[in-house]
Amino acid sequence: MRRLTLGLVLLLICGAVSAKQIKPVIKSATKPATAHAVGAAKKSAGKAAPKGPPAKMLFGAVTAPAPLAARAIGSYARGCLAGGVSLPISGPDWQVMRLSRNRNWGTPQLLDYLERLASDTRALDGWPGLLIGDMAQPRGGPMITGHSSHQIGLDADVWLTPMPDHILTRQEREDITATSMLKDPFTVDPKVWTPLHTKLIKRAASYPQVSRIFVHPAIKKMLCQQAGKDRAWLGKVRPWWGHYYHFHIRLKCPPGMTGCEDQKPPSGDDGCGTELANWFTMLRSAELAAARPTTPGAPSLPKKPPLTLGDLPKECMTVLSSGGGGPVIAPDGTVPAALNAVAGKDAGPPEPHLDPEALAALKAQMSKSKPKSKSAPTAAAATSASAGDAAPTPASASTPASASTVGPDSTQSIPAAQASPAAPSVPLPHRKSQ
Ligand SMILES: [Zn+2]
């Protein structure tokens, strides 16, 4: 019966979420629905399929942290957060944006880092203050919108828009759109990008606890040009799709934090050579793919199923069910927290695309060039990336994707046309990175 109820609830959630309707928030006054949800997930975990509700529905509906010792559990794109702490929405040198999403949670180490960065970059570089985008949900885990990582309280997005000189109202924090740094799909706009942006990202990468910083390939190129002689920090700054109005900070697992799974350290070079060139090849192919109309009825790539509780470390079950403050599911089946996240305005403007004339020129140029070598991204990479997946999966150890390893962000989709053999052999960049 409980399972049936949960099934109905989730059905309603899906319907409500896809319809983007916000129904009245009626908090369940009885015991949290977590127990129901976890129980159902446990029961179904033993069977082959289905493996239970998508974990993003459960974690997306939680409004308070798990009252446990603070710990990042699992890996960046497959884990959860115990004892999460929330970054104050306004500090001396920062302000949190899109408060309705309730994603300003993290490990204490992430909060310490952000506060230190905000203070240092203001005092030492002259950056006016940080606008903080998504961090993690109160108990981490997968999100209904926007990211595939940000699950364990060690990732944070920071806007490339300088902080205004006043305290923003809650409404302003919902309404303001971040500034795109791009002039076109391949180039940073020199009218928008300043030496201060370079200083900010250099500062962010300079702390030993930072594992990686993700930026759009065009931004990486600009950083390569502006870095000067001190280039050690550049190795941590990796290109990735979608990071053109914000950059993404990823911290290493704090020392001694058991159950936290680190990523391999970056390769060590500055990433300004072959890797960056390969990214630009991918960008060009992706631009062509994005412009191609989809054929109705064309075969689509198989979609990777969403993560369930069974896919996450076992301890995430405890994280979800401990204490109060579990998922708030209204009697009508809506999940206010999830609906807020879905209904919110995208943080940044859409990615720029080429005009028809420039696109035609690019097509001509691409058709003249020979097919790329094995080290270039391949169709295999494209097929393994699907909606809800982390990012394009590398086809070989030498692809740019593998150099950046697990991508930071976002849901992406591959158009049906790309499944055809004639399609360019690249993954498509996601359009909704936050
Ligand atoms: Zn991010």
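Everything numeric here is computed off the predicted structure, so don't read it as measured data. (Residues numbered from 1 in each chain as written. Predicted model: local features only at pLDDT ≥ 70, side-chain atom pairs only at ≥ 80, totals over all residues. Heavy atoms only, no water.)

1. Regarding the overall build of the protein chain
As a reminder, the rule being used: Secondary structure elements follow DSSP: runs of H or I of four or more residues count as helices, runs of E of two or more count as strands, with numbering from the N terminus. The buried label goes to any residue with under 20% of its type's maximum accessible area, the exposed label to any with over 50%, and the partly exposed label to all in between, with areas taken from a 1.4 Å probe on protein chains only. Note on contacts: a residue pair is in contact if any heavy atoms of the two residues lie within 4.5 Å. The Shrake-Rupley method, run with a 1.4 Å probe sphere, supplies the accessible areas, and residue values consider only the shown protein chains as cover.
Regarding its fold elements, the protein chain presents 13 helices and 12 strands. Per-residue burial for the protein chain yields a buried fraction of 53% across its 434 residues. Pairs at least 24 residues apart make up 80% of the contacts formed inside the protein chain by residues separated by at least 6 positions. Of the roughly 18,300 Å² of accessible surface on the protein chain, a fraction of 60% belongs to carbon and sulfur atoms.

2. A word on the pattern of salt bridges
The following threshold applies: Salt bridges, as used here, are contacts in which a Lys or Arg side-chain nitrogen is within 4 Å of a carboxyl oxygen on Asp or Glu.
With the rule as written, the count across this model stands at 10 salt bridges. Put simply, Asp134 and Arg101 hold a salt bridge, and the shortest N to O gap is 3.0 Å. One end of the pair, Asp134, is in the loop between β6 (130-132) and β7 (155-159); the other, Arg101, is in the loop between β4 (94-96) and β5 (105-106), with 33 residues separating them in the sequence. The two residues Asp134 and Arg101 agree in class, both being buried. Among the ionic contacts, a cluster of salt bridges with common partners joins Arg101, Arg103 and Asp134.

3. What to know about the packing of helix α8 (residues 274-291) against helix α11 (residues 356-368)
Let me state the cut-off plainly: Each axis is a line fitted through C-alpha atoms, and for a helix only the stretch in contact is used; angles between axes span 0 to 180 degrees, taken between their N-to-C directions. These descriptions rest on fixed angle ranges, namely under 35 degrees for roughly parallel, over 145 for roughly antiparallel, 65 to 115 for roughly perpendicular, and the rest for oblique. Crossings are sorted by hand: turned counterclockwise from the far helix by less than a right angle, the near helix makes the crossing left-handed, and turned clockwise it makes it right-handed. Gly is put with the polar residues, along with every residue not named as nonpolar or charged; the nonpolar set is Ala, Val, Leu, Ile, Met, Phe, Trp, Tyr, Cys and Pro, and the charged set is Asp, Glu, Lys and Arg.
Direction vectors running N to C along α8 and α11 enclose 125°, while the axes themselves pass 10 Å from each other. When the axis of α8 is compared with that of α11, the two are oblique. Note that α8 runs across α11; the crossing there is left-handed. Residues Arg284, Ser285, Glu287, Leu288 and Ala291 of α8 form the contact with α11, whose participating residues are Leu359, Leu362, Lys363, Gln365 and Met366. Taken together, the residues of the contact of α8 with α11 break down into 5 nonpolar, 2 polar and 3 charged.

4. A short note on helix α6 (residues 195-205)
Threshold: It is the directions from the helix axis to the C-beta atoms whose arc is reported.
Every buried residue of α6 is accounted for by His197, Thr198, Leu200, Ile201, Ala204 and Ala205. Across the axial projection of α6, the buried residues extend over an arc of 160°, all falling on one side.

5. What to know about the packing of aromatic side chains
Here is the rule: A pair of aromatic rings is counted whenever rings of Phe, Tyr or Trp (Trp by its six-membered ring) have centres within 6.5 Å, and the orientation is called stacked for planes under 30 degrees apart, edge-to-face for over 60 and tilted otherwise. Cation placement over rings: the criterion is NZ of Lys or CZ of Arg within 6 Å of the ring centroid and within 35° of the ring normal.
Within this structure, the stated rule accounts for 5 aromatic pairs. Look at Tyr244 and Tyr245: their rings are 5.1 Å apart centre to centre, the planes differ by 85°, and that puts the pair in the edge-to-face class. Both residues of the pair, Tyr244 and Tyr245, count as buried. Taken together, the aromatic side chains of Phe214, Trp240, Trp241 and Trp279 make up a single cluster linked through ring pairs. In this structure, Arg250 packs its charged tip against the face of Tyr76, placed 4.3 Å from the ring centre.

6. Brief notes about the nonpolar core
Quick note on the threshold: What is meant by a nonpolar core is a set of buried Ala, Val, Leu, Ile, Met, Phe, Trp, Tyr and Cys residues, joined one to another through side-chain atoms within 4.5 Å.
If you look at the biggest cluster of nonpolar residues, it comprises 56 residues, and the most contacted ones within it are Leu114, Ile201, Ile213 and Phe247. When contributions to this core are tallied by element, the ones reaching two or more residues are β4, α4 (108-125), β6, β7, α6, β10 (210-215), α7 (217-226) and β12 (246-251). Leaving out residues up to four positions away in the same chain, Ile201 has contacts with Leu160, Trp193, Ile213, Val215, Ile219, Leu223, Trp233, Val237 and Phe247. With 15 residues, the next largest nonpolar core counts Phe186, Trp240, Leu354 and Leu359 among its residues.

7. Section: the environment of Pro138
With respect to the helices and strands, Pro138 occurs in the loop between β6 and β7. Not counting residues up to four positions away in its chain, the partners in contact with Pro138 are Val62, Thr63, Ala64, Pro65, Leu81, Gly84, Asn102 and Trp105.

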